[in-house]
Amino acid sequence: MVDPIIQGWCPGSYRPMMAGDGLVVRVRPPLSQVSPAQLAALADLAEDHGTGVIEATSRANLQIRGVAEARFATLLAALDGLGLIAASAELEARSNLILSPHREDSVAEDIAHTLPKTLMDLPPLPAKFGFVIDTGAMRHLATTSGDIRVEGTKDALIVRADGAAAGRRVTDANAAVQACVDLARWFQETGGVGPDGRGRMRRHLAAGAVLPPAWANIPPPPTAAQMQAGSGAVGAGFGLFPAAALRQIARATSHPIRVTPFRLLVLRKADLTGLTHPDLILSPGTGLAAIHGCTGAPACPQATVQTRTTARALAPLLPAGKTLHVSGCAKGCALQRPADFTLVGRDGRFDLIRDGTVGAPPSQYGLAPDQLPLIFGPQNAL
Ligand code: SF4
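Presented here is a report on the structure given in the accompanying data block. (Residues numbered from 1 in each chain as written. Predicted model: local features only at pLDDT ≥ 70, side-chain atom pairs only at ≥ 80, totals over all residues. Heavy atoms only, no water.)

1. What about the packing of helix H1 (residues 36-49) against helix H2 (residues 69-81)?
Where H1 meets H2, the axes come as close as 11 Å, and the angle between the chain directions of the two elements is 175 degrees. The orientation of H1 relative to H2 falls into the category roughly antiparallel. For the pair formed by H1 and H2, the contact residues are Leu42, Leu45, Asp48 and His49 on the first element and Arg71, Thr74, Leu75, Ala78 and Leu79 on the second. (Axes fitted to C-alpha atoms, helices over the stretch in contact; angles between N-to-C directions. Helix = DSSP H or I, 4+ residues; strand = E, 2+ residues; numbered from the N terminus. Parallel < 35°, antiparallel > 145°, perpendicular 65-115°, else oblique. Contact = heavy atoms within 4.5 Å.)

Written out as structure tokens, the structure is:
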């Protein structure tokens, strides 16, 4: 398998990434949510400056693709006017946090309001270093990538290093913020950041770093089932929400719409009867709900295969209850979790992984596109 090119950073609003179809401008919605008015305005901006589609990402961000360089400054000013970007690039870089869409009290938002500014006191953290605010009786973001996790209920909060089996009890939101800063500082001071400026907490612990005992004495709450479309959670094929579909969503509720790392938008107290756009996924197992595919060729320069076209062609053949992930390369941007069938592009062909992630060993190598329908048959059919 060819190793993917790891950029070590993700695009943001201030720091867009150039792709084959133009700039990718990624918005990190404050508190992992947008108001209906902000969502409708984003739909307009996607039409005015991009491809007319908003892409929901596995980092609970919303991104506009296909932005011409000459349009970027105008788009950035519009996002600023909507209150959708941080006050500075530095603050945006420190705002790499995801909140649980199932939070029921204010503690997660209290933490998220304060944490980025408090982190400004530290030397820069690696660009991908992130915080997962997964408060509540159950953990809904256990499979979401993050380096420091805040978990538990308001009266029993813990702060936990990713990769550690247990965390440290804290008394309230303010104490949780301070504990996050202390743990990030411990990560820096114990060599978690490499000479290239990269580093992740899980890798640091796996390499032998030992947390002080006080940081690893309270186990986290149990894990909830994987979130799916339904009960107010609305998806779209490959996480691509056309502007017209976003406007329908914006009209369906007057409450903030929560953005999740599962490429689902969560509507509360909503009237879903107006959600008629054919690309929307309103219940599990419908449409492209079980299919995942990254941008792929030609828009992503790392891809040698078309991903979403391939996935759409295979969708009618996918056995009921199974999941399919078509990835343009071994980076696996579309899905970090295992799928029943994972196809990874390499030199214009595909490697097949059964019941695994993009990083698992393939069971078949170098499949041509016309062989792919056979992957759903008996294993010796290939
Ligand atoms: S996984 Fe897909 S989108 Fe991500 S870098 Fe590889 S080809 Fe590009």
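Picking up after the structure, the text goes on.
2. Things to note about the environment of Phe262
Structurally, the position occupied by Phe262 is in the loop between strand S13 (257-259) and strand S14 (265-266). Judged by relative accessible area, Phe262 falls into the buried class, the value being 12%. On a C-alpha basis, the gap between Phe262 and Ala86 in space is 23 Å, while along the polypeptide they are 176 residues apart. Discounting chain neighbours no more than four positions away, the residues touching Phe262 are His140, Leu141, Thr143, Thr144, Gln226, Met227 and Arg337. (Buried < 20%, exposed > 50% of the residue type's maximum accessible area, 1.4 Å probe, protein only.)

3. Examining the environment of Pro29
Looking at where Pro29 falls in the secondary structure, it is placed in the loop between strand S2 (22-27) and strand S3 (33-34). The spatial distance from the C-alpha of Pro29 to the C-alpha of Gly83 is 8.8 Å, given a sequence separation of 54 residues. Look past the residues within four positions of Pro29 in its chain and what remains in contact with it is Val34, Ala60, Asn61, Leu62 and Val259.

4. What to know about the pattern of salt bridges
Tallied over the full model, the rule gives 13 salt bridges. The closest approach of N and O atoms between Glu47 and Arg247, which form a salt bridge, is 2.6 Å. Of this pair, Glu47 sits in helix H1 while Arg247 is found in helix H7 (residues 243-252), placing the two residues 200 residues apart along the sequence. For Asp351, the salt bridge identified is with Arg346, shortest N-O distance 2.7 Å. Judged by its relative accessible area of 23%, Arg346 falls in the partly exposed class. Members of the salt-bridge network, linked through shared partners, are Asp21, Glu55, Arg65 and Arg308. (Salt bridge = Lys/Arg side-chain N within 4 Å of Asp/Glu carboxyl O.)

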